[in-house]
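Chain by chain, the residues run as shown.
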Amino acid sequence: MSGFRGSLPLLILVGVVVVVIGSGVFLLTAGRGLGQFLFGRAYAEGELRGYVASVLKEELRGSSCQPFDTDNNGYVSCDFTLSAQPNVTRSIECAAWGFDGLINRGCRTRLPNFQ
């Protein structure tokens, strides 16, 4: 019986790890809408801050990103201003929350919508 008590904490730890990993996979895939609702805007704005600092080498003054990837391309629309030009609003697409966002990472210039 004492062998079972020694393995109980290990079983609890394994159970917690399974629940955490399962929840993360759910939020990235099937629960993408819930994940985007909870984390989408903050995730995209974080990607935008990184892009502006590393690629544009500018200071971000203001930003606003959409939380949902409505066209399912892995990116959301963001508008931002730079400290050097506070009156000029620029548009860009940044990685969306979800599995696509983990693959895409960063931002890209907005592509024209040809139909």
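Residues numbered from 1 in each chain as written. Predicted model: local features only at pLDDT ≥ 70, side-chain atom pairs only at ≥ 80, totals over all residues. Heavy atoms only, no water.

S.K.: Any details on the environment of Ala 95? Residues and values, ideally.
M.R.: Position of Ala 95 among the secondary structure elements: in strand β3 (residues 90-95). Residue classification places Ala 95 among the buried residues on the basis of a relative accessible area of 0%. Spatially, the C-alpha atom of Ala 95 lies 5.3 Å from that of Arg 105, the residues being ten residues apart in sequence. (Helix = DSSP H or I, 4+ residues; strand = E, 2+ residues; numbered from the N terminus. Buried < 20%, exposed > 50% of the residue type's maximum accessible area, 1.4 Å probe, protein only.)

S.K.: Describe in detail the side chain of Thr 81, supporting the description with residues and values.
M.R.: Mapping Thr 81 onto the fold places it in strand β2 (residues 75-82). Filtering out sequence-adjacent residues up to four positions away, Thr 81 remains in contact with Leu 60, Arg 61, Gly 62, Pro 86, Val 88 and Thr 89. (Contact = heavy atoms within 4.5 Å.)

S.K.: Kindly report on the state of the cysteines, identifying the contributing residues and their values.
M.R.: Cysteine pairs can be covalently joined through their sulfur atoms, and such a bond is termed a disulfide. With the rule as written, the count across this model stands at two disulfides. A sulfur-sulfur separation of 2.1 Å characterises the disulfide bridge that pairs Cys 94 with Cys 107. Handedness of the Cys 94-Cys 107 disulfide follows from its S-S torsion of about 100°: it is right-handed. In this pair, Cys 94 sits in strand β3 while Cys 107 sits in strand β4 (residues 107-108), placing the two residues 13 residues apart along the sequence. (Disulfide = S-S within 2.5 Å.)

S.K.: Which residues make up unusual backbone geometry, and what values go with them?
M.R.: With a phi close to 55°, Lys 57 is a non-glycine residue in the positive phi region. Inspection of the secondary structure assignment puts Lys 57 in the loop between α2 (32-56) and β1 (60-65). Relative accessible area serves as the criterion here: at 64%, Lys 57 is assigned to the exposed category. Positive phi, normally seen in glycine, also occurs at Asn 72, with a value near 55°.

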